[in-house]
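In case you want the letters, here they are:
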Amino acid sequence: DALVVVFEEPKRDQPSLLIGKLRDLVTLVVIGFVLIVAVAVSGLVRGFSQDVLDWVGLGSELSWLLWVLSLVFGLAANAVLFFALFKLLAAPPTPTRSLWSGALLGAVGFEALKQVSGFLLSATKGQPAFQVFGITLILLVWINYSSRVGLYAASWAHTTRAARALRVPDPPARVQGPRVPSLAGVSEDRVAARPTWVTPFVAGGAAALALVAVLRKRER
């Protein structure tokens, strides 16, 4: 659900009960297998590095090379794990290159968490009191931060330039507003409705002059 939210995927129609459970089972098996490989490769190689060097007839001075190889294999397995998580759980329409870039980022963070948790677990050896609750606490913290790394990796994949280019929204449709009346018609209407004040003014002036002339004649 969190990956679907990060990739902004619409809600899909739920399949039937049988098909949904089969799909969940296949997803669980694939992701679980990749997770086991991703966690076990670096741990096994690091734990049996000396035995592996003895089998191939090499000295312990080349143990660093085996550690580097285990780190590389661990990062590759982690990248496959996160890519499978994105594809099987969310199935976003994000470009494959963007998904792999997010998977590589998640692989680095996941490998760092594995190294830290492995160091903490090895530090608890010989402490029975701490092993009762310490291992459980370390695993819970590891699961929590691993989930966060997965979400950060998905966010990285979803916000790459190629992924954002696919989400460019279409330009909004032009809104048709009310029609503006013709200016020519408005001008003609205003001219037609303009009051003709010239004729009344001339008539009033002539009547005033005639009244003045009459009054003067009576005074004489």
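For the structure itself, look to the data block above.
First, a word on what this report is: a plain description of the structure on this page. (Residues numbered from 1 in each chain as written. Predicted model: local features only at pLDDT ≥ 70, side-chain atom pairs only at ≥ 80, totals over all residues. Heavy atoms only, no water.)

Below, the discussion takes up the overall build of the chain. Within the chain, the secondary structure is distributed over nine helices and zero strands. Counting across all 220 residues of the chain, residues that qualify as buried make up 23%. Within the chain, residue pairs in contact and separated by at least 24 positions form 74% of the contacts whose partners lie at least 6 positions apart. About 16500 Å² of surface is accessible on the chain, with carbon and sulfur atoms providing 70% of the total. (Helix = DSSP H or I, 4+ residues; strand = E, 2+ residues; numbered from the N terminus. Buried < 20%, exposed > 50% of the residue type's maximum accessible area, 1.4 Å probe, protein only. Contact = heavy atoms within 4.5 Å. Areas by Shrake-Rupley, 256 points an atom, 1.4 Å probe, with all protein chains shown as cover.)

A separate point is the side chain of glutamate 111. The topology assignment puts glutamate 111 in helix α5 (residues 96-123). A distance of 3.0 Å separates polar atoms of two side chains, one belonging to glutamate 111 and the other to asparagine 78. In this structure the side chain of glutamate 111 is engaged in a polar contact, spanning 2.9 Å, whose partner is the side chain of lysine 114. (Polar contact = N/O pair within 3.5 Å; in protein donor to acceptor, adjacent residues only side chain to side chain.)

Take unusual backbone geometry next. Of note, glutamate 8 is a non-glycine position whose phi angle comes to about 55°, a positive value. In this structure, glutamate 8 sits in the loop between α1 (2-6) and α2 (17-47). Under the relative-accessibility criterion, glutamate 8 is labelled exposed at 56%. Phi at alanine 91 is positive, roughly 50°, even though this residue is not glycine. Its relative accessible area of 39% is what places alanine 91 among the partly exposed residues.

With 19 residues, the main nonpolar core has Phe7, Phe82 and Phe86 as its most contacted residues. The contact partners of phenylalanine 7, leaving out residues within four places of it in the chain, are Phe86, Ala90, Pro92, Thr94, Leu99, Ala154, Ala157 and His158. (Core = buried A, V, L, I, M, F, W, Y, C linked by side-chain atoms within 4.5 Å.)

What follows concerns the pattern of salt bridges. Tallied over the entire structure, the rule returns two salt bridges. Notably, a salt bridge pairs arginine 23 with aspartate 24, separated by 3.8 Å at the nearest N-O pair. By relative accessible area, arginine 23 is classed as partly exposed at 47%. A salt bridge links lysine 114 to glutamate 111; the shortest N-O distance between them is 2.9 Å. Remark: glutamate 111 and lysine 114 occur in helix α5; sequence separation between them is three residues, near one turn of the helix. (Salt bridge = Lys/Arg side-chain N within 4 Å of Asp/Glu carboxyl O.)

Counting across every chain of the model gives five aromatic pairs. A centroid spacing of 5.8 Å and a plane angle of 85° characterise the contact between phenylalanine 82 and phenylalanine 110, whose relative ring orientation is edge-to-face. Taken together, the residues span a long stretch of sequence, with phenylalanine 82 in helix α4 (residues 63-90) and phenylalanine 110 in helix α5 at a distance of 28 residues. Summarising the aromatic geometry, the rings of phenylalanine 83 and tryptophan 100 are spaced 4.2 Å apart at their centres and angled 5° between planes, so their arrangement reads as stacked. (Phe/Tyr/Trp six-rings, centres within 6.5 Å; stacked < 30°, edge-to-face > 60°.)

Right, let's get into the environment of alanine 154. Positionally, alanine 154 belongs in helix α6 (residues 128-158). Measuring from C-alpha to C-alpha, the distance between alanine 154 and tryptophan 100 comes to 10.0 Å, with 54 residues separating the pair along the chain.

Attention now goes to α5. Helical geometry note: an α-helix holds 3.6 residues per turn, so side chains three or four residues apart project in the same direction. When the terminal C-alpha atoms of α5 are compared, their 40 Å separation across 28 residues agrees well with the 40 Å that a helix rising 1.5 Å per residue should span. Of all the residues in α5, the buried ones are Ser98, Leu99, Gly102, Ala103, Gly106, Ala107, Phe110, Glu111, Lys114 and Ser117. (Expected span 1.5 Å × (residues − 1).)

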